[in-house]
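# Structure assessment
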Amino acid sequence: MDISIVVPLYNEDESLPHLAEWIDRVMESHGFDYEVIMVDDGSKDRSWAVIEQLRDKNPRYKGVKFRRNYGKSAALNVGFSHASGDVVITMDADLQDSPDEVPELYRMIKEDGYDLVSGWKKKRYDSKLAKNIPSKFFNWTTRRLSGIKLHDFNCGLKAYRHDVVKSIEVYGEMHRYIPVIAKWAGFGKIGEKVVQHRKREFGVTKFGLNRFVNGYLDLMSIMFMSKFGKQPMHFFGLVGSCSFLLGFIALVVVCVLRLCGRIALTNSVWFYLSMLFVLMGAMLFLAGFLGELICRNSTTRNSYLIEKELL
Ligand code: UDP
Ligand code: MG
C-alpha cells in the first residue's frame, strides 16, 4: 500500500463527509493505493455514524473509536499502530489541511528521501491573538532547544516514512513534538513544505490557551527524557555532587570562622546557606540514585531502535 492517511478527530461530524470526498478525489486522480484511518477520539456528536457510513461505501476507510476523549496524541498513536502504507500522512479532520498537498508530500518522502516532512502553514487562517502570535514564540523556543529547523512544529499535516511511525510513541500532548521525538529516535532527515491552510468551516477549535503551559512542560519532559531518561544519575548525580561539594566547603569555612570567633553560627546567613546546599546536594544525589534503580528495573531499559541487521 502506498499511503495511509491518519485522521484524529473529535466532534467533527460536519466536516468528515467533505474531507472524505476530497481525499478520494485526490487519491484516485493520482492512482494511489491508499487507506484512511479515522480515529474518533470519543466524539459526542454523529462523527462515528459518519465513519460507519464511509466504511460501508468504501472499504478503504477504517475507523477506531475511543470510549472517551483521550486527546490528539492518543488518537495519532493508535492510528499509527494500524497504518500499513509506505508513507503515512496525518491530517486534521476540520478541513483546515488540504488533501491536495498529499501527492507532493508523498513524493518528498519517496524520492527526496526524507524521514519526516512537516507542513508549514505559512499563511495561517486562525485568530491572531490566540494562535498565530503564541505559535511563533512556541516554534522559536522549540527550534532553539531541539536544533530542528522547522517553522511550524505543530502543523497537523505531516508525512512520515513507515518506519518512523512504527518506532515512535506519542502520548499525553506530545503530538506537538513529533519531529523532536523522531529526531531523538534517529530519524534525522526532517523536511518542511509550505502548505495551504484554510479557515475552519464547521465546528470549533479544540485547543485553548492552556496548551501553552502544557506545551512547554512537555518540551522539557522530552528534552530531559531523551538526554537523561536512561541515565538519570548523569544529571542528578552531577548537580547534586556540585551542590554538596559547594555546601561542604562553605560549611568548613563558616565553622573555621566560628572557631576564630568571627561570627556566631545561629545568626549567620552563610551557615544556613551552606547547610541548604549540602542537604540539597544529598537529596538530588538520592533522586538520581532512585532514578537509576527504577531504570534498572524498567522493561524498556534495553530496547533500542535497530535500523539494519546482518545476522
Ligand atoms: N482533536 C482530537 N482530539 C482532541 C482534540 C482535537 O482528535 O482532544 C482533533 C480535532 O478533531 C482536529 C485536530 O485534532 O481534527 C486538530 O484540532 P483543532 O482543529 O481543534 O486544532 P487547531 O487547528 O485549532 O489548532
Ligand atoms: Mg484546526
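Residues numbered from 1 in each chain as written. Chains lettered and ligands numbered in written order. Predicted model: local features only at pLDDT ≥ 70, side-chain atom pairs only at ≥ 80, totals over all residues. Heavy atoms only, no water.

### Looking at the pairing of strand 4 (residues 87-90)
Successive side chains on a regular strand alternate, one facing one side of the sheet and the next facing the other. Here strand 4 shows two buried faces, one formed by V87 and I89 and the other by V88 and T90. As paired elements, strand 1 (residues 3-9) and strand 4 share 4 bridges and run parallel to each other. Residue pairing across strands places S4 opposite V88, the latter belonging to strand 4. Here strand 4 pairs with strand 6 (residues 158-161) via 4 bridges, running antiparallel. (Buried < 20%, exposed > 50% of the residue type's maximum accessible area, 1.4 Å probe, protein only. Helix = DSSP H or I, 4+ residues; strand = E, 2+ residues; numbered from the N terminus. Pairing = 2+ DSSP bridges.)

### A short note on the sheet that holds strand 7 (residues 190-194)
Strand order in the open sheet made by the 7 strands is 3-2-1-4-6-5-7, with mixed pairing throughout. Edge positions in the sheet fall to strand 3 (61-65) and strand 7, since each of these pairs with one other strand and no more. Adjacent strand axes in the sheet meet at a mean angle of 20° when their direction is disregarded. Against the sheet, helix 2 (residues 47-57) touches strand 1, strand 2 (34-40) and strand 3, its axis set at about 155° to strand 3. In this fold helix 4 (residues 102-110) packs onto strand 1, strand 4, strand 5 (116-120), strand 6 and strand 7, with an angle of close to 140° to the strand it touches most, strand 4. (Axes fitted to C-alpha atoms, helices over the stretch in contact; angles between N-to-C directions. Contact = heavy atoms within 4.5 Å.)

### Observations regarding the environment of S43
Within the element layout of this structure, S43 appears in the loop between strand 2 and helix 2. On a C-alpha basis, the gap between S43 and R68 in space is 7.5 Å, while along the polypeptide they are 25 residues apart. The contact partners of S43, leaving out residues within four places of it in the chain, are L9, Y10, N11 and K65.

### Concerning the pattern of salt bridges
This structure, assessed with the given rule, holds 17 salt bridges. K206 is the salt-bridge partner of E12, the closest N and O atoms lying 3.0 Å from each other. Here the residue E12 occupies a position in the loop between strand 1 and helix 1 (16-30), and K206 occupies one in the loop between strand 7 and helix 8 (210-228), the gap between them amounting to 194 residues. For E12, a relative accessible area of 7% corresponds to the buried category. Of the charged contacts, one joins D126 and R124 as a salt bridge, the two residues approaching to 3.0 Å between their closest N and O atoms. Salt bridges here are not isolated pairs; linked through shared partners, they connect E12, D94, R200 and K206. (Salt bridge = Lys/Arg side-chain N within 4 Å of Asp/Glu carboxyl O.)

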